[in-house]
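# Chains, contacts and geometry: an overview
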Amino acid sequence: MMTFVRHRMTDIERYIWGSFGSIAIELITTLAIFQSGRKFPSRYRRVWFWVVRLLVTGVGGGLAIAYSIDNKLLAVHIGAATPLIMQQLSRSLPSQDQE
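Nothing here was measured: the structure is a model prediction, and the numbers come from that model. (Residues numbered from 1 in each chain as written. Predicted model: local features only at pLDDT ≥ 70, side-chain atom pairs only at ≥ 80, totals over all residues. Heavy atoms only, no water.)

### Quick look at helix α1 (residues 11-36)
Stated formally: Helix numbering and strand numbering both begin at the N terminus, where a helix is a DSSP run of H or I of at least 4 residues and a strand a DSSP run of E of at least 2. Expected helix span is given by 1.5 Å per residue-to-residue step, counting one fewer step than there are residues. Note on exposure labels: buried denotes an accessible area under 20% of the residue type's maximum, exposed denotes more than 50%, and partly exposed covers the range between, all computed with a 1.4 Å probe on protein chains only. Residue contacts are counted whenever heavy atoms from the two residues lie within 4.5 Å of one another.
The terminal C-alpha atoms of α1, which comprises 26 residues, lie 38 Å apart, in line with the 38 Å expected from a rise of 1.5 Å per residue. Considered for burial, the residues of α1 that qualify are Arg14, Gly18, Ser19, Gly21, Ser22, Ala24, Glu26, Thr30 and Ile33. The inward-facing, buried residues of α1 abut α2 (47-66) and α3 (72-92). Just downstream of α1 lies Gly37, where phi reads positive at about 80°.

### Details of unusual backbone geometry
Of note in this structure, Ser68 is not a glycine but carries a positive phi near 50°. Secondary-structure assignment places Ser68 in the loop between α2 and α3.

The quantities given are spatial measurements derived from coordinates; they are silent on function.
Below, the structure written as structure tokens:
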């Protein structure tokens, strides 16, 4: 009988896998643009787009740590879902008009 020892991921591993999930979304989006033959969007030429994208990627890694995920695939899923998670959180905040 084989016994499997479950490996607990370190925070660095969680961060890397979560970040990878966030990066994967951008790769899939870019691939879809190339395959469609459309013109490459101008947002990809803007420095601030990449600054914000890197920050979102960092949040994806941070969420994987915050959830204490010990499964690589789940960490990737959290990273991929990060933009939606952030969007939902921002919608739940009261707007300045409501203050």
